[in-house]
Every structure is written in C-alpha cells, then in structure tokens.
Amino acid sequence: MAKSRQHFSSQDSSLSPTSVRSKEWEGPSRWTEYLGPEPSPMTSRSSRTAGPDGQIVQSAGMSHKGLNMQWVVQLTEVAEGLMAKMYRLNQILDYPDPVGHTFSEAFWKAGVFPNHPRLCLLLSKKFPEHYSKLQLERVDKVALDALHDNAGLHLQSLEPWVQLLLDLMAFREQALRLILDLSSTVITLLPHQNSLILHAFMDLFCSFVRVNLFSEKIPRKMMLQMYNLLHAISRNDRDCDFYHRLVQFIDGYDPPLKGLKEDLNFVSPRIGEVLEAVGPIIFLSTDTRKLRNEGFLSPYHPRYPDILTNSAHPMRAQDLANVTSYREWVLFGYLVCPDELLRVTSIDIALVVLKENLVLTLFRDEYMLLHEEYQLFVLPRIIESKKMAKSGRTKQKEADLEYSVAKQVEKMISEVHEQALLSCDAIHRERRILLKQEIGRMVLFFTDQPSLLAPNIQMVFSALAFAQCEVLWYFQHVGIASSKSKAVRMVSVEIDPSDPTIGFLLDGMDHLCCLVRKYIAAIRGYALSYLSSCAGRIRFLLNTPGMVALDLDASLKSLFQQIVQHLENIPKPQGENVSAITCDLSEFRKDWLSILMIVTSSRSSINIRHLEKATVSTGKEGLLSEGNAAYNWSRCVDELESQLSKHASLKKLYFYHQHLTAVFRNTMFGPEGRPQHCCAWLGVASSFPECASPIVPEEVTKIGRDAVLYVESLIESIMGGLEGLINILDSEGGFGALENQLLPEQAASYMNSASRISITSTKSPKGAPGFPLPGHESRPENNASIKMYGISHLNLMHNVYRILSMSSELTRLPRRLEAAVQRLTNLCSVLNDMEPICVLNHVFVLREYMRECILGNLRRRLLAVLKTDNDLQRPTVLESLIRRHISIIHLAEQHISMDLTQGIREVLLSEAFSGPVSSLHLFEKPEEQHTGSATEAVCNWYIENIIKDISGAGILFAPIHKCFKSTRPVGGYFADSVTDLRELKAFARIFGGYGVDRLDRLLKEHTAALLNCIDTSLRSNRDVLEAVAGSLHSGDRNEREASIKQIVDIDTVIGFCVQAGLALAFDRSLAEAAGTVLFEGAPLIHSLLAGISKHIPEEIPEKKEVRRLRGVANNVGVVDNHDSQWVRLILEEVGGANDGSWSLLPYFFAAFMTSNIWTTTAFNVDTGGFNNNIHCLARCISAVIAGSEFVRVEREYQQRQSLSNGHVGESVDSEQSRLSAEASIKSTMQLFVKFSASIILDSWSETNRSHLVAQLIFLDQLCEISPYLPRSSLEPHVPYAILRSIYSQYYTNSPNTPLALLSISPRHSPAVSLSHASPAARQPRGDSTPQYDSGYFKGSSSHGQEHIYDGGSSRSTEHRQQNYRRSGPLDYGSSRKVKFAEGSTSGNTGPSPLPRFAVSRSGPISYK
C-alpha cells in the first residue's frame, strides 16, 4: 500500500473531491502499486513520450495517441490488480452475498467489519440513506456505544478496503475516458486491418466490464456506510471527504450492468462493428467438420497430402489463435451493449456463443451465470426495442425489419438457455475429440518433420489456444448448477468426470510445447530469415510512387526509416550458431506501435487508408500488412516463451485443482486412459505459482503450497496406479495364471486322452491323471468298460469342449497380460524420461519416486505374502511369489535408467538385516542386533510353532526324513511341509546369510535358556546327585533308588532337554540347507570352507580367528561334529558349565532312565524316532556332555596359564588339553552308558518291562549319534543280540500289531523271543551264516533307504522280507567313522564281524 494512502481521515488534498482531477489522481504514480516496476512491452519509449520535466511532448500528432496506448496497457494491468484485491477480500469475508444480504459467521469474525450484524445490515439495506436519518440508537444502542468506544480500531481495519473503493472509482473514470477517447479517434478497429490496437482496446473494454461486474460481489454499501459512520464518530459527525462521490458511484453501479450500459452507450456502435467483424472466425471455430475437412489445424493440405506445408489458410490459422478472446468479446459486448444485438448478423453470432456457454468467467474461478444475466438485463432492453419498433411501424419503413430482428432476438434469448443446458457439453466434447485427433497428428508430423515446425508455428499456437480454451471450459463448468428460465429449480450441468479427452489434450499440449522448446533455435532462425526478407519488401513499398506522393511528415518518415534499420540490422543466421544469437526486437515493436498510433488516429493527416491505397496497387501485401506480419514474427525471436505462455499456459487450472485431481484419478487408469499422460497432468503445476498476484503477497505462499500438495497428490495416485499395474501382473489372474497354463504337449495329451473311452478308476503311470492308456479295456477286470462305451462316448464331446474352452480362455489371458504389460512399460518409460517438476523451491524427480514406489511395493508385497490366512506361507511358495514379483520389476527395469536390481538387494537385505551398516563389517554382533521385520516374523514362527510347539500340534522330529512332523496342521500346513530340507533351502535363498544367522541366533538363545535350566537343576540337586554317584559306583541299588527319588522336577528337565535336542536337530538341518544354497550360489566359497574345516588346528583354547572360522563352517554344515560345537559356542557365550556341579552331569542324565516318561515311549520305524521326541534327548545328552567338557578343559587351561604367567609351552599344552578333553568326553559318555544300562536292566521285571525296549533303542541311538561313543562301548552292557532281535521284530511286524516284547505272556519273554523267535534266524539262506545290511539309524539318516513300511500294501510277509532290510541301525561297515578304537572292532575294513553275534550262545542275560 502506498504511503500516501494510509490515513484517509486526514485532510490530504489528493483525496478531497476538489482534487480528483489533480496530477496525483490521474498520473501514473497513482497506480504504482498495481503496475509494478517493469514497463509494459506495448508502451512507447519514454524518450519519445515524455520530456525532462515529465510532461508529454506534443510532436507530429503522435504523442496524444502514444499516451492513449500507454494507458490502455497500464489500465488493463490495473484492472487485474483491482480484481486480485477484491478476490482476496472475498476470501477473507468467506464469500458473502451482498445482493441478498447473506453473510456467514466467518464474515463477522474476519475482523474487517465490526461484529454488530444488526447495525451493519441496516446501513447496507438502507443505502444510500445517510446514517443520521436511520435512528441507529433505536436499532442497537449497545452496538452503537461499542462503536463509539472502538471507532479508531474499526477505522483502521476498514481503511485499506475503502481505499479499494476509491481505486475502483478512479479506475472507472480513467478507463471510461480512455475507452471513449479511443472509440472516437481510432479510424478502424477491424481485426484484419488494425489487430494490435483492436486487441489492446478490447482487452481494456473487457477488463473494465469485469472489474465493475466483480465489484458487486464485495459488500460496497456496507463498507462505505460503516466507514462514514466511524469517521463521523471520530471526527465530530463530519462525513469523509469522498463519501458523496462514492455514494454516487456505488448507486450508479447498483446493479453494475445498469451503470455499464449507461457509461458504454456511446461506444456501443463501435463494439457492434468489432463483434460483427470477428463473427466469421467464431463461426469457423464452431464448425468442427470444416476445420477437419479443410485442414485449418493440419500442417499438410488435407486434399493434397503430398504438399507438406499447408499454406491454404495462413491468416485464418493466426486468427484462430485469438478465437478465445473473440468469444469473450461477444459475451461481454452484447451483455453491456444489448442494442447491438439488433443488427441483422449479430443474432447468429450471439446464438453460437451463448449456446456453448453457461457461465461468464469474471476473474479466476469467480463467475456469473450467463443466461440469467442475459434474461434479467438484456431481454428487457430487447423487448423495449421491439415495442418501440412496433409503435413506429407507420412512421418508419425500417420498423418492420427492426421489429422482426427484435422478435428473433427475444426468442433466441428465451430459448438458448435450454439449448445450452442440453447441448453445450456435447458441443465441447466433439471439439475436444477434434483437437485430440489434430494435435495428435501434429505431434507425430512435427516429430517426423521438425523442419516444418517453424513455418507452421502460428498454426501450432492456434491449436494450443483451442486446447487451452477447451480444457479451461471443462473445469469451469464442472459442478455448475444453472436455473432454468421458466423454472425456479436448479439444473446441474452434466459434465463427465471420466472424460479421457482431457488427458489427451493435456498430453498433446505438453508434447507440442516440448517440440517448440526443442526446436526453438530453428524457429528463431526462420523468424530472423523472414524479418530479413521483410526489410527489403518494406523498403520497396516505402519507395513506391504512391508513398512518395503522400509526402509523409518528418516524424512519420523517421519512424519508417527506423523500422527498416531495425530489420536490416538483424543478425543473419549462419550454420548452427542460431542458438547463440541474442537479438532484442522490443525497440522495433515499439516503433511500429508508434506508427500505428499515428496512422489510425482520425487527427492524423496520414491515416491507414492512405497507406493502404498507396501500397496495395503494387500487387503485393500492403505496408501495414507487412509491418503487422513482421511484428508477429519478431515475437518468435525474443518472446517465444511469452507466446507459449499466452496460448498454452494452464495456470488458471490452479483454481480448479481439486476438480483436476478428481478427473485425473477417474481417467488416468480408466479403460480409455493412458498412463503416459500423467506427465502432462503433473507439468501443469509448474505454472500454478504464476497465478499469484504481486498485489497480494500472501498468495505466493498459499498457491505455492497448494501446488506442491497437488503434485504430491498426483504423484501418490500415479504411484498407486503403478503399484496396481505391478500387483495385477503379480496376481493369480496375471502371471500366476500362466504358471497354471497348459503346455502344448499337455493339451495334446488331454485331447488325445479325452477322445478315448475314459474310466477314471484306472490310473496311468505316465499319462495325465484321470485319463487311461489305450488298451486298458482288454484287461479282464475292465470288461465292463466295453458295455459302457455308449455312455463314455456321450461324455467325449463334453470332455473335448471343456478342454477347448480352457484353451481358449488361456489364449485370451496373454492378451490381457500383454495389455497390462504394455501399460506398465509405457508408464515406466514416460516417468523415466520426464523432466523434473519445479514448483517454487520444490523439485520433484519422478524417477526417484518411481524407484521408491517399486521397491516399497516389493517390501509390502514381501510382508504381505509372508503369511496366509491361516499361518506362515511355505518358504518355497514364498520364494516363487518373490521371484515372480522380481521378474516384473526386471521387466520394468528395462525401461528405467536406474539400477533396480541393487534396490531389490537393499530391500531383501533390509528385511533380513536392519542394524547399522557398520555391523555388517564386524564378525562380533552387537548385543541388541536389529533384524528385518520379515526375517523376524518367520524366525519367531519357527521358534514358537516348531521348537516350542505352543499350539500343541504334536511336533515330532523324524530323523529318517530330516524334518519335523505333526499330528495336526500347524496353521495351514503340517510341520513337514515347512521344515524339510527343500523348504529350509528356500528360506536361505530368500533371506540369505543374515536370515540364517538370525534363526540360528534365536535357536541359540532358546537353547541357552534350556541349558540354564539344566545348570539350575544341577546346582539345586548337587547333594542328591553326589549321593546318586556314590551309590552307582558302590552298586547299592536301594540307596541309588532312594537318592534318585529325591531329585526335583526330573520330568521337567527331561522336557527341557528334549526341546534342546529339537533345537539341535533343527539347527543341523538349517546348516545343511545353508550349505547347499551356498554351494549352489558360491561353490568356490563352499569348497574353500569345506577344505579348510578339515585342516583347522585342533587346540584348546582356540584362537579367535580359528573359533570364528569354525563357527562359519559349522553354520554351513561342513563340520561333522555340529551339535557339540554348537553347544560349546553357546556355553562360551553365556559363560555356562562353570560350576563343579557339571561334573555330576552323567549321573544326572543316567537318572533320566527312572522317569515315568519311558512308559509312554514307543519307537516308530517310519520316522526312525520315538513318539514323544525322546530320541532328541540322546542328541541333547551327547552335545551337552561334549560341549561342557570342552568348556571345562578350556577354562582349566586358562587358569593354568594365568598361574604360570604363560611360561608353559603353548603348543604342547594346547595339544594335550585337546586330547584330555576328548578323553574326558569319551569317559563321561561311557560312564553315562554304563550307569544308564545298569539302571535300565535293574528296573526290569516281568511286571514292569514296558520301558525296556524304548530305553535300549535310546542307548543304541545315542551311540550312533555321538562321535565320541562307539557302539562297541554298549556291547559290554547291552549285547547286540538283544538289539538285533528288537529291531527285527519292529521291521517285520505291522505297525498295527504291538511289539511282542510288550506282551506279558511268559511265552514271549525277552529271552525266548530274542534268542529263538528272530525272523533273521529263521530266514532261509544258502549261507549258513546270516548276512546283515548296514544299520538303519545313523545320526541324521546317513543311510540311503526309503520308508521301511508301506501300510497300504497287501503283499505277503515273505515278499516284504525279501525286499526290505531287517537290520537295526547298527553300522559296522567300512563307512563307520570311529575315533576311539579301544575295545572295538567296528573300525576294521574287512568282512563284517556281525556273524560272531549271530552264533553267540549268550542267550538271555539276567542282571540281578
């Protein structure tokens, strides 16, 4: 706000009514706030219009005209600033309705008006009555007193807006005077003769009308009345100086159309002439068929396609670029000059424009209902003219024509509203389709022939202007409700929010603008060449006899000479340096405007008609035509961007950005939408900040923020669509359906089988299931099939039809997938090639958003498919789903200039490992290691459901299958479906080494807790265990039994040990799976680890590097002794086995043989284990004893080192410690076996022997599991003949038959059954000595045999005995690895020593 306008209550002479014509009121300084520092491009040079003292120089009759043109442009800019202020006021006041006196609650809280509605409404309704006549104290005495108390504060809040009223009044006076002056002095205002001045004049005219129409939307009456009341309160009841003039101004423009008609009555005939002159262009713009057929918007001739340059309609193409302005001239012109509708040709012009519009845009998104205004203000004037013509029929001969025209206009205005409601959308949709086609052809043509873009640049501008108009019309009419003329109800305009043509137009405009900017150097070069040739033509025309005869005055002749000099001084484009040429032609344009100001003035002795007559006789273009063409081409040299902005800018769409977003979402991914259009929708936002007016500083921030939010919203929608396309392809109806599609060979097999007689009960070993092989009916059991030939033949066509329909459906599927793939690749390609979007200081790079979207979708997809509706997804299925999704990403990656493969690795890594990056380079893991959510979910599921079995699914480890089984599903699958080696390998491939490490870490943590329970139990039962040890060594059975009964919670500890054994078994399978995956992916590393692991030095204590290497080798399953090494690492980490009570461990484990758990334990030949996982106890005992002994020996070595201060020989002592540890492990294990066998056999009796078989097999499995316990160590305590007989009965008896040993019949005592009833002893063999195969059970099922028992078979027992092995899990072959050969012959490489046991006479042994 200018400083001179801050205090309106003062006696400043510039604001007094007597000084309204002062220099301050009329001079340029009044509008400094609205004009800004930059001069207008159309203003004449200051050196030619103003002297040293600022006064206008009067010379050659041109200064007066120059002054008018300067004010024309400046006042048009002032009008924009005034409307920006009124728009802001409306926003602050929450869009009031001053005409209907409707004001919201926010209006009174805005702080502009005093919050006293009764007083304010009274002053507004009683306008223009003075407040002194309204007796305000009777209306609201309290409010009036409050006004007296706060008059100064209220005055201050109203002052800037009252100044706006003053500016409106001053603008009205100056603009009206200038319009009247131009109308009376300009000779011609026809578009083909004086288009430059015509456009300036009509722009001012329309701005004048807009400002006054828009002013009705602000509370002018309330503002003036309340300000005058407050002024009187603070100035002793004296009115403000400008009060009465403002009252006259507001009253004269109430309603505004009344004042506009009176003010513009004098210029009405000139407006009518102009509108008649632009009528043909308007008719042409509405005739889509003519535009298409005659190629007005086509770069090549429609009837002669070989002619690439379409020069058929060059001027019309240029005029079409201004058709949007012409339509506005018609709507505003006939509205404020209704008498011009009575011209004969005006009715058709008005009808065409009115029929395709419903609203009249005033400023930004402010509008008025067009037809309602015409019916309220234009129609009464037409009716009045009709009455006058009717009454004057007998007096005037032309009265009949006037009456007829008036009657037609009346009918047109009355009916056109209904026509517009029905047809306006269809008209514009047809036009949008035309533009979609023509612009599409333009883009293809100019992309292929860029050299023809420059000659047709005016046609490009016309197409851009047409498309700009149609896009703006679409959004201006979205949600508009119009009242019918004959009905009160409101009718909404039917605008299709999913119209795809909007996207095509935006995309076409964007491509055309990109082409223009791409070849801007060529366009500039063409324009420079044209201007250079134009210089010669203009010089020739100036020297023609006609021009010489005119005898131009010196000033005008000087201007023409300067025009020629400007054109001749233009640099000549040479080679490829056009882009480097800098040329400012603004002086040339100013001089040409100065010439036009002179020759179009009625006061000039030489006018435009003289120049045309003097030069047109040459047979070429006239002088003014050449000059106007040069003016237009000069703008293609240094103002090409402003030209593009004028014809192609969509900045006004900011005010409809909410509708813009809605239409985008409806059309972008619709059936007719194109994903590649998204760049154009986004690019629109770059121009949004240009809508901000410098008059209202806060608009810059608000519009910029809204533009950023718009872009973010669209990007979110685009990325959502991108995710949708990827997910569609990744669904079961996408690429998932291809996985189930029939191969050609399969389809042929089905067809061949369907054409035969089908008996579904017959199964083909090689053919398709459900279809028999040829010749099956000849078998005796299939004789009935011949009789059923007729029925089967009836089913033949059904089978063929079913397969054919399946095949046709599968052939349609790739077409849909191809379309989806095409959309995906197009969208990725467009987003990749799109330039960054700049909105104020925000830069949006779509490639980065696309990368984040694709990778984020991969992460969400990974987490989504982790679990099914029931529970965890199988790792193999999960792997296939991830691979399918990654294949789609790789498909998109081919169209993106960035590495998505690295991003995929990052996503998978983040889901497996989410700790700090520095932790990846350290072997030692931090205490709180964070893990990816996906890995964490899967690992926790395995721990909770497999190891801990919290769901009670009856998890059993099956050594023979190397997996876990369950009696009922765990979630959606049985346990073996998610724990076999194939599934664990899939887990390792998905989550890599970090996932394996995390699962291994959880297993260690769980096992460490279980080992802690064992330690606690050892400590609490130490005294009792010492008594048990003494009794075992002394052989006192009674004392032993009494001591064992005092052990607390022995069954609970057994359960913990079984869980620890489960964890050991699971980790061993996990290590084997990890090793297999490592071998497949990095065979050299696997080979390196496998080779190194064989040569790792065996020493105690181990060096840090050796321990690290051994741990890595153990995790990938290349170390034989996995279990003991694993437990050893756990005990070292947690500091376990550091108490003397651990020396009692073998006695504690031997006491387990007295538990009641053995009474319910049964061996299962199908799984190679027991029904309650007690075989995992053997794995736990072996690993815990070995691991604890290693830890104990290492701790003792460290203690000796600390006492001797390192003087002992390190290498020798280390080797001795290792041998000592292994010997200690062996002796401890043998001690456990000895005492366990003693307890087992001592507790056996005729009435209590149900536990005997399970315990003996348990000891045998322990020997097989432990590398430190050879089977020969069990022979002194449990002869092999007993175990052989037990295994033989298990493998020969049906699972449904109980084992004979469990019977209480004396005939089936162990002695008899084991010695005499062995099937092996009765087996007929040629050799007198039975031969036995290698053992069945070996550690982790190292044998190669399949399932031993087939429950569904009906074959005889003899047949089964001939085909299946009958030996137990003993392996005395050469492959048996034994480290301790003392007292054992199992390490020999010769014939098997088993015949020695076969002829043994040991018989039943009684342990008493």
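The structure displayed is predicted, hence computed values, not measured ones. (Residues numbered from 1 in each chain as written. Predicted model: local features only at pLDDT ≥ 70, side-chain atom pairs only at ≥ 80, totals over all residues. Heavy atoms only, no water.)

Engineer: Is there a simple way to explain the overall build of the chain in this structure?
Structural biologist: Helix and strand counts for the chain come out as 57 helices and 10 strands. Here the chain holds 1408 residues, and the buried ones make up 53% of them. Long-range pairs, those at least 24 residues apart, make up 76% of the contacts in the chain with a sequence separation of at least 6. Here the chain displays about 62,900 Å² of accessible surface, and carbon together with sulfur accounts for 53% of that area. (Helix = DSSP H or I, 4+ residues; strand = E, 2+ residues; numbered from the N terminus. Buried < 20%, exposed > 50% of the residue type's maximum accessible area, 1.4 Å probe, protein only. Contact = heavy atoms within 4.5 Å. Areas by Shrake-Rupley, 256 points an atom, 1.4 Å probe, with all protein chains shown as cover.)

Engineer: Would you take a moment to explain the pattern of salt bridges for this structure?
Structural biologist: Pairs may arise between side chains of opposite charge once their charged atoms sit close together. Going through the model one piece at a time under the given rule, you end up with 59 salt bridges. Put simply, Arg-884 and Asp-730 hold a salt bridge, and the shortest N to O gap is 2.9 Å. Linking Arg-884 in helix α38 (residues 875-893) with Asp-730 in the loop between α32 (698-729) and α33 (735-739), this pair joins segments that are 154 residues apart in sequence. Given the relative accessible area of 0%, Asp-730 is considered buried. A salt bridge links Arg-989 to Glu-879; the shortest N-O distance between them is 2.6 Å. Here the residue Arg-989 occupies a position in helix α42 (residues 981-1020), and Glu-879 occupies one in helix α38, the gap between them amounting to 110 residues. Classification of Arg-989 by relative accessible area gives partly exposed; the value is 32%. (Salt bridge = Lys/Arg side-chain N within 4 Å of Asp/Glu carboxyl O.)

Engineer: Is there a simple way to explain unusual backbone geometry in this structure?
Structural biologist: In most cases, non-glycine residues show a negative phi, while peptide bonds are predominantly trans. Backbone torsion omega between Phe-127 and Pro-128 reads 10°, so that peptide bond is classified as cis. Mapped onto the fold, Pro-128 is located in the loop between α6 (117-125) and α7 (136-139). The amide bond that connects Asp-254 to the next residue, Pro-255, takes the cis arrangement and shows omega of 0°. Examined against the element boundaries, Pro-255 turns out to sit in the loop between α12 (243-252) and α13 (256-263). Positive phi is not limited to glycine here, since Gln-135 has a value of about 50°. Tracing the chain through its elements places Gln-135 in the loop between α6 and α7. Judged by its relative accessible area of 40%, Gln-135 falls in the partly exposed class. With a phi close to 55°, Asp-1049 is a non-glycine residue in the positive phi region. By secondary structure assignment, the location of Asp-1049 is in the loop between α44 (1037-1045) and α45 (1050-1081).

Engineer: Please explain the packing of α42 against α45 as it appears in this structure.
Structural biologist: In helix packing, the relevant descriptors are the interaxial angle and the interaxial distance, both defined with respect to the helix axes. Taken N-terminus to C-terminus, the directions of α42 and α45 make an angle of 155°; their axes are 8 Å apart at the nearest point. Accordingly, the angle class assigned to the pair α42 and α45 is roughly antiparallel. Judged by the sense of rotation from one axis to the other, the crossing of α42 with α45 is left-handed. Along the lines of polarity and charge, the residues of the contact of α42 with α45 split into 20 nonpolar, 6 polar and 6 charged. (Axes fitted to C-alpha atoms, helices over the stretch in contact; angles between N-to-C directions. Parallel < 35°, antiparallel > 145°, perpendicular 65-115°, else oblique. Left-handed = near helix turned anticlockwise from the far one by under 90°. Nonpolar A, V, L, I, M, F, W, Y, C, P; charged D, E, K, R; others polar.)

Engineer: When you look at the packing of aromatic side chains in this model, what are you seeing that I'm missing?
Structural biologist: Two aromatic rings, taken as a pair, are described by how far apart their centres are and by the angle between their planes. Overall, the coordinates contain 38 aromatic pairs when judged by the stated rule. Seen from their ring centres, Phe-1148 and Phe-1149 are 6.4 Å apart, and the 25° between their planes marks the pair as stacked. Phe-1149 sits in the buried class, given a relative accessible area of 0%. A centroid spacing of 5.4 Å and a plane angle of 55° characterise the contact between Phe-1149 and Phe-1152, whose relative ring orientation is tilted. Each member of the pair Phe-1149 and Phe-1152 is classed as buried. Aromatic rings pair up to connect Tyr-87, Phe-214, Phe-363, Tyr-654, Phe-655, Phe-688 and Tyr-710 into one cluster. The cationic tip of Arg-364 hangs over the ring face of Tyr-87; the distance from NZ or CZ to the ring centre is 5.0 Å. If you follow Arg-1128 out to its NZ or CZ, it ends over the ring of Phe-1190, 4.8 Å from the centre. (Phe/Tyr/Trp six-rings, centres within 6.5 Å; stacked < 30°, edge-to-face > 60°. Lys NZ or Arg CZ within 6 Å of the ring centre and 35° of its normal.)

Engineer: Would you explain the pairing of strand β1 (residues 359-363) in this entry?
Structural biologist: Two faces make up the sheet, and in a regular strand the side chains alternate between them. Across the 5 residues that make up β1, a large majority, 4, are buried. Two elements, β1 and strand β2 (residues 366-369), share 4 bridges in a ladder whose sense is antiparallel. Each residue of the ladder has a partner; that of Val-359, found in β2, is Leu-369. (Pairing = 2+ DSSP bridges.)

Engineer: Just checking my understanding: could you explain helix α14 (residues 268-286) for this structure?
Structural biologist: Side chains of residues three or four places apart in an α-helix project in the same direction, reflecting 3.6 residues per turn. Compared with the 27 Å implied by 1.5 Å per residue over 19 residues, the 26 Å span of α14 between its first and last C-alpha is a close match. Residue Gly-279 marks the point of greatest curvature in α14, where the axis turns by about 40°; the proline Pro-280 follows within four residues. Among the residues making up α14, those that are buried are Ser-268, Arg-270, Ile-271, Gly-272, Val-274, Leu-275, Val-278, Gly-279, Ile-281, Ile-282, Leu-284 and Ser-285. (Expected span 1.5 Å × (residues − 1). Bend = angle between axes of the 7 residues up to and from the residue.)

Engineer: For this particular structure, what's the right way to read the environment of Leu-229?
Structural biologist: Mapping Leu-229 onto the fold places it in helix α11 (residues 220-234). Judged by its relative accessible area of 3%, Leu-229 falls in the buried class. Note: C-alpha distance between Leu-229 and Leu-123 (106 residues apart in sequence) is 9.4 Å. Residues within four places of Leu-229 in sequence aside, it is in contact with Leu-123, Tyr-131, Leu-136 and Leu-147.

Engineer: Got a minute to help me understand the state of the cysteines in this structure?
Structural biologist: Joining two cysteines, a disulfide is a covalent bond between their sulfur atoms. The final tally for this structure, using the stated rule, is 0 disulfides. For Cys-853, which is in no disulfide, the shortest distance to another cysteine sulfur is to Cys-828 and amounts to 8.9 Å. What makes Cys-853 buried here is its relative accessible area of 6%. This cysteine, Cys-1176, is not joined by any disulfide, and Cys-1180 carries the nearest cysteine sulfur, 9.4 Å off. With relative accessibility at 1%, the residue Cys-1176 sits in the buried group. (Disulfide = S-S within 2.5 Å.)

Engineer: Could you clarify how one ought to interpret helix α20 (residues 399-448) in this entry?
Structural biologist: A rise of 1.5 Å per residue sets the reference length of α20, with its 50 residues, at 74 Å; its end C-alpha atoms lie only 61 Å apart and thus fall more than 12% short of the reference. Ser-423 marks where α20 bends most, by close to 50°.

Engineer: Please clarify how the side chain of His-657 should be interpreted in this entry.
Structural biologist: Inspection of the secondary structure assignment puts His-657 in helix α30 (residues 657-667). If near-sequence neighbours (up to four positions away) are discounted, His-657 is found in contact with Phe-688, Asp-706 and Tyr-710.

Engineer: Explanation requested: the side chain of Asn-212 in the structure shown.
Structural biologist: For Asn-212, the position within the fold is in helix α10 (residues 195-214). Relative accessible area serves as the criterion here: at 2%, Asn-212 is assigned to the buried category. Separated by 2.7 Å, the side chain of Asn-212 and the backbone oxygen of Phe-208 make a polar contact. If sequence neighbours within four positions are ignored, Asn-212 has contacts with Arg-172, Phe-249, Tyr-253, Pro-256 and Leu-260. (Polar contact = N/O pair within 3.5 Å; in protein donor to acceptor, adjacent residues only side chain to side chain.)

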